[in-house]
Amino acid sequence: MTDRVARRPSGRRARETYGADDAHSFLWEPVLATLALGSDDRLLDVGCGGGAFLRRALESGCAGAGLDHSRDMVRVAQKKLGAAAWIVHAEAEAMPFPDGEFTAVSSLVAFFFFAEPVAVLREMRRVLDPGRGRVAIMTTAPEAEGSPAAPHPLATRGHFHSDEELVRLALAAGFSTAGIAHREEWAQLLVAQP
């Protein structure tokens, strides 16, 4: 049940939850402020779910694409965004994009579920423009384990990382700079540049 609803969303309940126009909206503003997107940016949202955050990000005038490993979420995002963004079904560890394709990469909540975080971060770095690229990853903080933000059994299916560990993971993936830009009891925002 946890996998079908959260880790690999599928079915009616997942479509309703992640297809909502405000899915994870409480996380949007810190990510958008960190990325400071403009009309000359190309954003990739990794783990885009139903596309609500990507639709909000496109209001900056940037071009956008979304990637999700759930076919249901890809269909929901494609319906929500239409021709406004390219939505692809793929794994975050093997993105079907050329090197340097994007100037920004975002990921909201999905990083919690990545079993191979360094592999995902390497792929994010690979698809970033090395001169202008930046990453903003909002993930679930360890303090949230067992709370409404990460209740059991969901908490047992994800990966919590300390602030220091998130920075080390990004540096191990080859990013030249990494740090925590936003911190709350339940969420951490990792930012990195190639």
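In what follows, the structure referred to is the one given above.
These notes cover the structure that comes with them. (Residues numbered from 1 in each chain as written. Predicted model: local features only at pLDDT ≥ 70, side-chain atom pairs only at ≥ 80, totals over all residues. Heavy atoms only, no water.)

1. So, helix α7 (residues 163-172)
Phase 1: When α7 is considered as a whole, its buried residues turn out to be L166, L169 and A170. Axial view of α7: buried residues confined to an arc of 95 degrees, hence all on one face. More than 90 degrees from the buried face of α7, the exposed residues found are E164 and R168.
Phase 2: Contact partners of the buried residues in α7: α6 (117-127), β5 (134-140), β6 (177-183) and β7 (187-193). (Buried < 20%, exposed > 50% of the residue type's maximum accessible area, 1.4 Å probe, protein only. Helix = DSSP H or I, 4+ residues; strand = E, 2+ residues; numbered from the N terminus. Arc of directions from axis to C-beta. Contact = heavy atoms within 4.5 Å.)

2. Some points on the pairing of β5
Phase 1: Counting buried positions along β5 gives seven out of seven residues, so the element sits mostly inside the fold.
Phase 2: Here β5 shows two buried faces, one formed by R134, A136, M138 and T140 and the other by V135, I137 and T139.
Phase 3: For strand β4 (residues 104-108) and β5, the ladder comprises five bridges, and the chain directions are parallel. The residue bridging V105 from the neighbouring strand is V135, located in β5.
Phase 4: Each parallel crossover has a hand, and for β4 linked through α6 to β5 it is right-handed. (Pairing = 2+ DSSP bridges. Right-handed = clockwise from strand over helix to strand, strands pointing away.)

3. So, the pattern of salt bridges
Phase 1: Tallied over the entire structure, the rule returns 10 salt bridges.
Phase 2: With its nearest N and O atoms 3.5 Å apart, the salt bridge here joins E59 to R56.
Phase 3: Looking at R56, the relative accessible area reads 26%, which means it is partly exposed. (Salt bridge = Lys/Arg side-chain N within 4 Å of Asp/Glu carboxyl O.)

4. Topic: the sheet that holds β5
Phase 1: Ordered by their spatial adjacency, seven strands build an open sheet running β3-β2-β1-β4-β5-β7-β6, and the pairing between neighbours is mixed. Of all strands in the sheet, those bounded by a partner on one side alone are β3 (86-89) and β6. Taking each pair of neighbouring strands and ignoring which way they run, the sheet shows an average axis angle of 20 degrees.
Phase 2: For β6 and β7, the ladder comprises six bridges, and the chain directions are antiparallel. From the neighbouring strand, A178 faces β7, where its bridge partner is A192.
Phase 3: The sheet contacts of helix α3 (residues 28-35) involve β1 (42-46), β4, β5, β6 and β7, and relative to β5 the element is tilted by about 160 degrees.
Phase 4: Each of β2 (63-68) and β3 is contacted by helix α5 (residues 71-81), which is oriented at about 170 degrees to β3, the strand it contacts most. (Axes fitted to C-alpha atoms, helices over the stretch in contact; angles between N-to-C directions.)

5. Concerning the nonpolar core
Considering soluble globular proteins, one finds that nonpolar side chains tend to be buried as a cluster.
Phase 1: Counting residues in hydrophobic clusters, the biggest one holds 29 residues, and the most contacted among them are L44, V46, L67, M124 and F175.
Phase 2: For this core, the elements supplying multiple residues, two or more each, are β1, β2, α6, β5, α7 and β7.
Phase 3: Once you skip the residues sitting within four places of it in the chain, L67 turns out to touch L44, D45, V46, G47, C48, V88, A90, E91, A92, M95, P96 and F97.
Phase 4: In terms of nonpolar packing, the next biggest core, distinct from the first, is built from 27 residues, L32, A77, I87 and L108 among them. (Core = buried A, V, L, I, M, F, W, Y, C linked by side-chain atoms within 4.5 Å.)

6. Quick word on the packing of aromatic side chains
How two aromatic rings sit relative to each other is set out by the distance from centre to centre and by the angle between their planes.
Phase 1: Applying the stated criterion across every chain yields a total of seven aromatic pairs.
Phase 2: For the pair F111 and F114, a centre-to-centre distance of 5.9 Å together with 85 degrees between the ring planes defines the contact as edge-to-face. For the pair shown, F111 and F114 are each scored as buried.
Phase 3: Plain terms: the ring middles of F112 and F160 are 4.9 Å apart, the flat faces sit at 70 degrees to each other, and that makes the pair edge-to-face. In this pair, F112 is assigned in the loop between β4 and α6 and F160 in the loop between β5 and α7, connecting sequence segments 48 residues apart. Of the two residues, F112 and F160, both sit in the buried class.
Phase 4: Among the aromatic side chains, those forming a connected cluster through ring pairs are W86, F97 and F102. (Phe/Tyr/Trp six-rings, centres within 6.5 Å; stacked < 30°, edge-to-face > 60°.)

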